[in-house]
Amino acid sequence: MNEVAFRLPIIAGVLVTLLTLSALLIWLERRLLGFWQERYGPNRVGPFGLLQSVADMIKIFMKEDWVPPFADKAVFVIAPAVIIVTVLMSFAVVPFTPSIVVADLNIGLLFFLAMSSLSAYSVVLAGWASNNKYSLLGGLRASAQMLSYEVFMGLSLMGVVMLAGSFNLGDIVEAQRDLWFCIPQILGFIIFLIAGLAETKRIPFDIPEAEAELVAGFHTEYSGMKFGMFFVGEYLGIILISAMITVLFFGGWQGPWLPPAIWFSIKTFLFICLFILLRAALPRLRFDQLMAFGWKVMLPLALVNLTVTGALVLAGHPSK
Amino acid sequence: MLKLLKGIWLVFLRAFTRPVTIQYPDEKPYLPPRWRGRIILSRDPDGEERCVGCYLCSVACPVDCIALQATEDEHGRRYPAWFRINFSRCIFCGYCEEACPTYAIQLTTDFEMSEHDRRNLVYEKEDLLISGTGKYPGYNFYRVSGVRIGGKDKGEAEHEAAPVDVRSLMP
Amino acid sequence: MTGAFYLAALVAAVSTGLAITSLNAVHALLYLIVSFLAVAVVFFIFGAPFIAMLEIIIYAGAIMVLFVFVVMMLNLGRRAIEQEAGWLTPRMWIGPSILSATLLGELLYLFGSGILSQAGGITVQTPKQVSVVLLGPYLIGIELASMLLLPGLVGAYHLGRRLNSEDA
């Protein structure tokens, strides 16, 4: 029981920080997109427009929370909760510093993969429950996309697991004390970055919610706070993938002089900015391009990475 | 692949250039004098209405937002009894100004005319009529045209020869 | 621990029952997913976290998404629900229930006889131990499974290939 009492402040702290950050991220993304498109972005509400998220939040809370009469009500309500729950659960295993980690599981990485595979349900169920053809198409695309990209997301991480010799994320960070895994696992890092983009349904992989073709894809029928949950879920997903890249490939909390939490935040922030930069720079892929890219380029690359890493690790330990 | 990275890098470099945005309500942009904004009805230098109620603007209007009713005063001078422009339909194309033979209808540089109630966007003649001459200061239609009104007969306009007397034999 | 186990087991049992009796295909699949998650929790409690995660990743996360995907594509409407309701007559479920009741009785008998409770305390199996066992004594099983999967892959590719008009 003492253990639980000790964990509670950490859980509460992580939750509050994450939800605040994901709200601020909305502002950050719009500002950065603005700068990269030679305009200002939101700068009216509060200093530098910082309170824009608060204004958005108030607006979204005031909106009517409408369930369409033709929708499958129960599933329609569950779907947005699934994405928030799965993403927040994934954060449980992320080691922010040596001491701040909610659940120090020995299968942390697998837990992350399991939760990201479950998050596909939110999109699929939202698309189906809306009973709307655009939503359904969005849901179909999302399920195909997330299923295929999960495959080599998992495969790209196995190289890291081999080098670290553990599924525990804390151990993986410790194993990077001398050399960050982004150097020996550069291929794995690139594959994981691309798969992470696809998992969070970000541009250039945002075809499940492609405005130009599908209105808003799976969340066409959503309004008010249910839509807000999808929105926050997407931003939480960006933070999650950035944090995972930091943990798995860029040494997590490690770094000279500064305290671990600061290092972790800096690295995660840089990757969040990279995600936003990619959105500013890249066009959306076509669906067949996405699938062909996934299965014909990324999967073989991930397998090659896995084989080479395995062979090298085995060569390094001839005695065992 | 390299092109992709180059594109991303170029977009990143944009972060260090000044935004081209003009912060509008704080900072007014320059509008050229021929800007097509809110429509007005002008008066001639003598202070009379220039509009002669010819309906040409109404005909020229592609969205049919101009409506008027012509009438005549005791001197035979035509003017609109009422003149109505529905700015919720107006597309500010400027065809009315081009069609107007008397320079009465003109487009101005004002565009800040939003309303909370859509009905307030229907402007009547009192709202449209200004006290000045607009873009054409010296012009007075009745002084240069050959039409006969009270106090001005045929041939009395500027640069107008006296009418030919068809019963006379002299050339 | 015991409380968590009974809770997870109850959820698994109830959701499996609902998965069978649910008329709406998607709802049935959702109950099945919940059942998988509950089973994963049971695995986790009994010291098999690796299997628990695989259960979620492979069964709940990948295979069931495909099932949902197919059901979504079929777009079953009210007609399908009525058809299902017609099928769920006593004549249909009485046979399977007798069979499962037999199995349940067998299980209860084994519990009562005390054979199953000899397993003793819970030992946590790490992924490493699982892999050592899989690639050691059970290597032949792994090889057989991969041999089975490879024809499946080739077959799927063969069926899904693009037919040119002159080939067809």
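Rules and cut-offs
- Residues numbered from 1 in each chain as written.
- Chains lettered and ligands numbered in written order.
- Predicted model: local features only at pLDDT ≥ 70, side-chain atom pairs only at ≥ 80, totals over all residues.
- Heavy atoms only, no water.
- Helix = DSSP H or I, 4+ residues; strand = E, 2+ residues; numbered from the N terminus.
- Rg over C-alpha atoms; globule rule 2.2 N^0.38 Å.
- Buried < 20%, exposed > 50% of the residue type's maximum accessible area, 1.4 Å probe, protein only.
- Contact = heavy atoms within 4.5 Å.
- Areas by Shrake-Rupley, 256 points an atom, 1.4 Å probe, with all protein chains shown as cover.
- Lys, Arg positive; Asp, Glu negative; His and termini not counted.
- Charge placed at Lys NZ, Arg CZ, Asp CG, Glu CD.
- pLDDT = per-residue confidence, 0-100.
- Expected span 1.5 Å × (residues − 1).
- Arc of directions from axis to C-beta.
- Axes fitted to C-alpha atoms, helices over the stretch in contact; angles between N-to-C directions.
- Parallel < 35°, antiparallel > 145°, perpendicular 65-115°, else oblique.
- Nonpolar A, V, L, I, M, F, W, Y, C, P; charged D, E, K, R; others polar.
- Pairing = 2+ DSSP bridges.
- Phe/Tyr/Trp six-rings, centres within 6.5 Å; stacked < 30°, edge-to-face > 60°.
- Buried area = accessible area lost by both parts, 1.4 Å probe.
- Salt bridge = Lys/Arg side-chain N within 4 Å of Asp/Glu carboxyl O.
- Polar contact = N/O pair within 3.5 Å; in protein donor to acceptor, adjacent residues only side chain to side chain.
- Core = buried A, V, L, I, M, F, W, Y, C linked by side-chain atoms within 4.5 Å.
- Left-handed = near helix turned anticlockwise from the far one by under 90°.
- 1 Å grid on protein atoms, 1.4 Å probe; cavity = no way out; pocket = protein on both sides within 12 Å on 5 of 7 lines; lining within 4 Å.
- Points joined across faces, edges and corners; volume = space filled by probe spheres on them.

Chemist: Looking at this model, I keep getting lost on the overall build of chain B. Mind explaining?
Modeler: Summing up its helical and strand segments, chain B has five helices and five strands in all. Beginning at the N terminus, the succession of helices and strands in chain B can be written as α-β-α-β-β-α-β-β-α-α. In terms of C-alpha radius of gyration, chain B reaches 24 Å, well past the compact-globule figure of 16 Å for 171 residues. Principal-axis analysis of the C-alpha atoms gives chain B an extent of 90 × 45 × 30 Å. Per-residue burial over chain B gives 30% buried out of 171 residues. Within chain B, contacts between residues at least 6 apart in sequence are counted, and of these 68% link residues at least 24 apart. As displayed, chain B offers around 11600 Å² of accessible surface, 55% of which is attributable to carbon and sulfur atoms. Put simply, chain B has 23 plus and 24 minus side-chain charges, and the middle of one group is 10 Å from the middle of the other.

Chemist: For this particular structure, what's the right way to read the confidence of the model for chain C?
Modeler: Interpreting fine coordinate detail is not advised for predicted regions of low pLDDT. Residue and element names in this part refer to chain C. The predicted model of chain C averages 79 in pLDDT, with 88% of residues at 70 or higher. Within chain C, helix α4 (residues 78-87) has the poorest average pLDDT of any element, 71, and helix α7 (residues 139-160) the best, 89. Confidence metrics for the complex model read pTM 0.78 and ipTM 0.76.

Chemist: Could you clarify how one ought to interpret helix α1 (residues 2-21) of chain C in this entry?
Modeler: Three or four residues apart is the spacing at which side chains of an α-helix point the same way, because the helix has 3.6 residues per turn. Residues and elements named next belong to chain C. Over its 20 residues, α1 runs 29 Å from end to end, which matches the ideal 28 Å to within 8%, given 1.5 Å per residue. When we look at burial in α1, the residues that qualify are A8, A12, S15 and A19. Each buried residue of α1 lies within a common arc of 80° when the element is viewed along its axis, so the set occupies one face. Exposed side of α1, more than 90 degrees from the buried face: T2, Y6, L7, L10, A13 and I20 are the residues found there. Where the residues of α1 are buried, they touch α2 (25-45).

Chemist: Help me out: how do you make sense of unusual backbone geometry in this one?
Modeler: Most peptide bonds adopt trans geometry, and most residues besides glycine take a negative phi value. In this structure, A:F48 is a non-glycine residue whose phi angle is positive, near 55°. Tracing the backbone through its elements, the reader meets A:F48 in the loop between α1 (2-36) and α2 (52-62). Exposure remark for A:F48: the relative accessible area of 61% places this residue in the exposed category. The phi torsion at B:H159 lies on the positive side, around 55°, for a residue other than glycine.

Chemist: Mind showing me how you'd approach the packing of helix α4 (residues 108-129) of chain A against helix α5 (residues 133-164) of chain A here?
Modeler: When two helices pack together, you describe them by how their axes are tilted relative to each other and by the distance separating the axes. Residue and element names in this part refer to chain A. Interhelical geometry of α4 versus α5 gives an angle of 175° and a closest axis separation of 8 Å. Accordingly, the angle class assigned to the pair α4 and α5 is roughly antiparallel. Side by side, α4 and α5 meet where L109, F112, L113, S116, S117, S119, A120, V123, V124, G127 and W128 of the first sit next to S135, L136, G139, A142, S143, M146, E150, M153, G154, L157, M158 and V161 of the second. For the contact of α4 with α5, the per-class residue count stands at 14 nonpolar, eight polar and one charged.

Chemist: In this structure, what is going on with the arrangement of the chains? I would like to understand it.
Modeler: In this assembly, two pairs of chains are in contact, and the pair with the greatest number of contacts comprises chains A and C. Here chain B and chain C are not in contact; the least distance found between their C-alpha atoms is 28 Å.

Chemist: Explain the pairing of strand β2 (residues 66-72) of chain B here, please?
Modeler: Side-chain direction in a regular strand flips from residue to residue, so the side chains alternate between the two faces of the sheet. All names here are of chain B. Examined bridge by bridge, β2 and strand β3 (residues 78-86) share seven bridges and lie antiparallel to one another. Opposite Q69, over in β3, you have W82 as the bridge partner. The hairpin turn running from β2 into β3, its antiparallel successor, is five residues long, and G76 in that turn takes a positive phi close to 85°.

Chemist: When you look at the packing of aromatic side chains in this model, what are you seeing that I'm missing?
Modeler: Residue and element names in this part refer to chain A. Following the criterion strictly, the structure yields 27 aromatic pairs over all chains and no others. Their ring planes at 15° and their centres at 6.5 Å tell us that F91 and F96 sit as a pair that is stacked. Seen in terms of ring centroids, F192 and F249 are 5.8 Å apart; in terms of plane orientation they differ by 45°. Their pairing is tilted. One end of the pair, F192, is in helix α7 (residues 186-199); the other, F249, is in helix α9 (residues 224-249), and 57 residues separate them in sequence. Taken individually, F192 and F249 each receive the classification buried, so the pair is uniform in this respect.

Chemist: Sorry, what's going on with the sheet that holds β3(B) here?
Modeler: Two orientations exist for strands paired in a sheet by backbone hydrogen bonds: parallel and antiparallel. Residues and elements named next belong to chain B. Spatial ordering of the open sheet is given by β2-β3-β5, a layout of three strands whose pairing is antiparallel. The sheet terminates laterally at β2 and β5 (122-123), the two strands that pair on one side only. Two strands pair when backbone bridges link them, and β3 and β5 are joined in this way by two bridges, in the antiparallel orientation. Bridged to N86 within β5 is V122.

Chemist: Can you walk me through the interface of chain B and chain A in this structure?
Modeler: Interface size is commonly expressed as the accessible surface area that is lost when the partners come together. Taken together, the contacts link 14 residues of chain B with 12 residues of chain A. Three residues stand out in chain B for area buried against chain A, namely B:I8, B:V11 and B:P19, and they jointly supply 38% of the buried area on that side. For the pair chain B and chain A, the interface holds two salt bridges. Note that A:E38 is salt-bridged to B:R14, the shortest N-O span being 2.5 Å. Summed over the shared surface of chain B and chain A, the result is seven residue pairs in polar contact (both at pLDDT 80 or more). Taken together, the residues of the side of chain B that touches chain A break down into seven nonpolar, four polar and three charged.

Chemist: Quick question: what am I supposed to make of the nonpolar core here?
Modeler: Considering soluble globular proteins, one finds that nonpolar side chains tend to be buried as a cluster. Core analysis: the largest hydrophobic core is formed by 125 residues, its most contacted members being A:L109, A:F112, A:F192, A:L248 and A:F249. Here the element with the most residues in this core is α4(A); it accounts for 15 residues. Counting 22 residues, the second-largest nonpolar core is a separate cluster that includes B:F83, B:I85, B:M113 and B:L129.

Chemist: Help me understand the packing of helix α3 (residues 73-91) of chain A against α4(A) in this model?
Modeler: Residues and elements named next belong to chain A. In contact at an axis separation of 8 Å, α3 and α4 are set at 160° when each is read in the N-to-C sense. On the basis of the axis angle, α3 is roughly antiparallel to α4. Here α3 and α4 pass one another in a crossing that is left-handed. Packed against α3, whose contacting residues are V75, F76, A79, V82, I83, T86, M89 and S90, the element α4 presents F111, F112, M115, L118, S119, Y121, S122, L125, A126, W128 and A129 at the interface.

Chemist: Help me out: how do you make sense of the interface of chain A and chain C in this one?
Modeler: On the chain C side, the residues contacting the 23 residues of chain A number 25 residues. Between chain A and chain C, the buried area comes to about 2100 Å², and carbon and sulfur atoms account for 83% of it. Taken together, the connections running from chain A to chain C amount to zero salt bridges. Our count for the contact surface shared by chain A and chain C stands at two residue pairs in polar contact (both at pLDDT 80 or more). Mapped onto the side of chain A that touches chain C, the elements with two or more residues apiece are α4 and α5 of chain A. It is α4(A) that contributes the most residues to the side of chain A that touches chain C, 10 residues altogether. Split by residue class, the side of chain A that touches chain C holds 17 nonpolar, four polar and two charged.

Chemist: What am I meant to see in empty space enclosed by the protein here?
Modeler: Empty space among the atoms becomes visible once a probe the size of a water molecule is rolled across them. Residues and elements named next belong to chain B. Tallying each qualifying case throughout the model produces two cavities of 30 Å³ or more. Roughly 90 Å³ of volume is contained in the largest cavity. Of the residues that constitute the lining of the largest cavity, the class distribution is 13 nonpolar, two polar and no charged. Counted as a void, the second largest cavity has a volume near 60 Å³. Every residue lining the second largest cavity is counted, 13 residues in all, and those nearest its centre are C61, C90, C93, G94 and C96.

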